[in-house]
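# Results of the structural survey
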Amino acid sequence: MQHSTRPTNPDRAFEAELAAYNLAFSELGLEWHWDAATFDQIRRAAGDRPCVQAYVEAQCPHLLQAYDSRFLVAAIESVRGRRSEIPTS
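Notes on the structure follow.

What counts and what doesn't
- Residues numbered from 1 in each chain as written.
- Predicted model: local features only at pLDDT ≥ 70, side-chain atom pairs only at ≥ 80, totals over all residues.
- Heavy atoms only, no water.
- Salt bridge = Lys/Arg side-chain N within 4 Å of Asp/Glu carboxyl O.
- Helix = DSSP H or I, 4+ residues; strand = E, 2+ residues; numbered from the N terminus.
- Buried < 20%, exposed > 50% of the residue type's maximum accessible area, 1.4 Å probe, protein only.
- Axes fitted to C-alpha atoms, helices over the stretch in contact; angles between N-to-C directions.
- Parallel < 35°, antiparallel > 145°, perpendicular 65-115°, else oblique.
- Contact = heavy atoms within 4.5 Å.
- Nonpolar A, V, L, I, M, F, W, Y, C, P; charged D, E, K, R; others polar.

## Considering the pattern of salt bridges
Within the structure shown, the criterion is met by six salt bridges. A salt bridge links arginine 43 to glutamate 17, with the shortest nitrogen-to-oxygen separation between them at 3.6 Å. Residue arginine 43 is found in helix H2 (residues 36-46), and its partner glutamate 17 is found in helix H1 (residues 12-27); the two are separated by 26 residues along the sequence. When its relative accessible area of 24% is taken as the criterion, glutamate 17 is described as partly exposed. Between aspartate 40 and arginine 44 there is a salt bridge, with its nearest N and O atoms 2.7 Å apart. With aspartate 40 and arginine 44 both in helix H2, this residue pair falls four residues apart, about one helical turn. The class of aspartate 40 is buried, set by a relative accessible area of 14%.

## Description of the packing of H1 against H2
The contact between H1 and H2 brings their axes to 11 Å, and the two run at 95°. Taken as axis vectors, H1 and H2 run roughly perpendicular relative to one another. Of the residues in H2, those touching H1 at Phe14, Glu15, Glu17, Leu18 and Tyr21 are Ala36, Phe39, Asp40 and Arg43. For the contact of H1 with H2, a count of residues per class yields five nonpolar, no polar and four charged.

Below, the structure is given as structure tokens:
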């Protein structure tokens, strides 16, 4: 799911969080990459659910047959948390 439009006025925190998610996906061997527009859309659609859970439910529901959504979310959020502590410039 990739789009050419970008959300209006993305800030440094948004860009850092997006980069942390993409690094986490890569580190975990997931072939996912969110661009800014995709991440913005996921965040809006997620409601009170974690972004990863909303994404998996909408775009990769087949993974829920093999993995518990809480397991996937926890693994990605754990790596993302470590990655978001890395300075981005």
